[in-house]
Amino acid sequence: MKNRNFNYYQTFITVAPDSTALESITPPSRKDGKTKALIEYELLIHHPYTFTQEDLVYEVHIRHKEIPEEILQIIGTEIRYELFQKSHACLRASMLAKKYGWGIHFDDAGKIAIYPVESSEYQRFLANESGHVKVLAAMRSSRAKTDK
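Residues numbered from 1 in each chain as written. Predicted model: local features only at pLDDT ≥ 70, side-chain atom pairs only at ≥ 80, totals over all residues. Heavy atoms only, no water.

J.: I tried to follow a nonpolar patch on the surface on my own but got confused; where do I start?
T.: Among the surface-exposed residues, I71, I74 and I75 lie close enough to one another that they form a single nonpolar patch of about 270 Å² accessible area. Look at I74 and you get exposed, because its relative accessible area is 65%. (Patch = residues over 30% accessible without salt bridge, like charges linked within 9 Å, V, L, I, M, F, W, Y side chains within 5 Å. Areas by Shrake-Rupley, 256 points an atom, 1.4 Å probe, with all protein chains shown as cover. Salt bridge = Lys/Arg side-chain N within 4 Å of Asp/Glu carboxyl O. Buried < 20%, exposed > 50% of the residue type's maximum accessible area, 1.4 Å probe, protein only.)

Written out as structure tokens, the structure is:
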């Protein structure tokens, strides 16, 4: 398999056009544990510009599956290899941007931070006055309705 790069660089993902989020919220957990969105949120809010998209997909996977550290020390490389044998949705499909009101920024190195939709930082990325950031909308939760 070719080594593909799944990361974005100097990109800002805005809240989805069909999102009703006027303010960002913390994704809820379930009775049986944390959702993937909550794990993404916790990793990115506490460690901004630490993870690339590939690193984040891996960290979310192992935390969501609750794979013990002892197992990761033995077969972590194999788990990561197997994980990336299949395709994964990019962060444009993340519930953080689709539903919970978080913009997602990727820096020059592809490292990620999140910004609340109501923040001045979000507005600065959205305005993109420098022109150095590619601005993309998160994917819609439902198909766009067209007039016929």
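Next comes the rest of the description.
J.: I'm lost on the nonpolar core in this one. Help?
T.: A general trend in soluble globular proteins is that nonpolar side chains are found buried together. Among the nonpolar cores identified, the biggest contains 24 residues, and I13, L56 and I104 are the most heavily contacted of them. Of all elements in the fold, only α1 (36–46), α2 (53–64), α4 (95–98), β2 (102–106) and β3 (112–116) reach the threshold of two or more residues within this core. The element that contributes the greatest number of residues to this core is α1, accounting for 6 residues. The residues contacting I13, other than those within four sequence positions of it, are Y8, L91, R92, A97, G103, I104, F106, L136, A137 and A138. Counting residues in each nonpolar core, the second largest holds 8 residues, with F12, V117, F125 and V133 among its members. (Core = buried A, V, L, I, M, F, W, Y, C linked by side-chain atoms within 4.5 Å. Helix = DSSP H or I, 4+ residues; strand = E, 2+ residues; numbered from the N terminus. Contact = heavy atoms within 4.5 Å.)

J.: Explain the pattern of salt bridges here, please?
T.: A pair can form between side chains of opposite charge whenever their charged atoms are brought close. Here the structure, examined in full by the defined rule, presents 3 salt bridges. A salt bridge links R80 to D55, with the shortest nitrogen-to-oxygen separation between them at 3.0 Å. Of this pair, R80 sits in helix α3 (residues 69–83) while D55 sits in helix α2, placing them 25 residues apart in sequence. Accessibility expressed as a relative area gives 26% for R80, which makes it partly exposed. With a relative accessible area of 25%, D55 lands in the partly exposed category.

J.: Could you clarify how one ought to interpret the sheet that holds strand β1 (residues 11–14) in this entry?
T.: What holds strands together in a sheet is hydrogen bonding between their backbones, with the strands either parallel or antiparallel. What the 4 strands build is an open sheet, ordered β3-β2-β1-β4; its pairing is mixed. Since the sheet does not close on itself, it has two edges, and those belong to β3 and β4 (134–137), each with one partner. Taken over all neighbouring pairs, the strand axes of this sheet differ in orientation by 20° on average, direction set aside. Relative to β3, β2 is paired through 5 bridges, and the arrangement is antiparallel. Across the sheet, the residue bridging to G103 is Y115, located in β3. Where α1 meets the sheet, it contacts β2 and β3, and its direction lies at approximately 100° from that of β3. (Pairing = 2+ DSSP bridges. Axes fitted to C-alpha atoms, helices over the stretch in contact; angles between N-to-C directions.)

Limitation: the analysis is restricted to geometry and does not speak to function.
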